[in-house]
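Next come the chains, spelled out residue by residue.
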Amino acid sequence: MSQLTYSTPDAHGSVPDNGLIGAMLFHLGRQRFYQITGFCWLGESDEWGYLHHEVRDDGLTGPTVARPMSHLHGTRSNGEPRYRLPG
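Keep in mind that this is a model prediction, so the values were computed, not measured. (Residues numbered from 1 in each chain as written. Predicted model: local features only at pLDDT ≥ 70, side-chain atom pairs only at ≥ 80, totals over all residues. Heavy atoms only, no water.)

1. Here we look at the pairing of strand 3 (residues 47-55)
Remember that side chains alternate between the two faces of the sheet whenever the strand is regular.
Point 1. Counting buried positions along strand 3 yields seven of nine residues, so the element is predominantly enclosed.
Point 2. Both strand 2 (residues 32-42) and strand 3 contribute to a ladder of nine bridges, which runs antiparallel. Looking at the pairing, F39 lines up with Y50 of strand 3.
Point 3. Counted between consecutive antiparallel strands, the loop separating strand 2 from strand 3 contains four residues, among which D46 sits at a positive phi close to 50°.
Point 4. The pairing of strand 3 with strand 4 (residues 65-68) spans four bridges and is classified as antiparallel. When the sheet's bridge partners are listed, H52 is paired in strand 4 with V65. (Buried < 20%, exposed > 50% of the residue type's maximum accessible area, 1.4 Å probe, protein only. Helix = DSSP H or I, 4+ residues; strand = E, 2+ residues; numbered from the N terminus. Pairing = 2+ DSSP bridges.)

2. Thoughts on the sheet that holds strand 4
Point 1. Strand order in the open sheet made by the five strands is 4-3-2-1-5, with antiparallel pairing throughout. Of all the strands in the sheet, the pair left with one neighbour each is strand 4 and strand 5 (83-84).
Point 2. Examined bridge by bridge, strand 1 (residues 24-27) and strand 2 share four bridges and lie antiparallel to one another. When the bridges of strand 2 are listed, H27 appears paired with R32.

The structure is reproduced here in structure tokens:
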């Protein structure tokens, strides 16, 4: 890879969708809301990741966490979707 930009495809051919920044996700297992704040390159696996933090009722947020993009559409151990996505 000569130069990494947000339009550089990852190992799966994916690029980040800027329309997801600010999106609120609802985790169906933990019953908590998370907000996507940006994207990052996960160098060990050569794939895009998203950054998110928990949004609590008291207005506070949790620490920023990075997850691979595949996590958005993944399933929990019981086979159910991990998140309810916007839209």
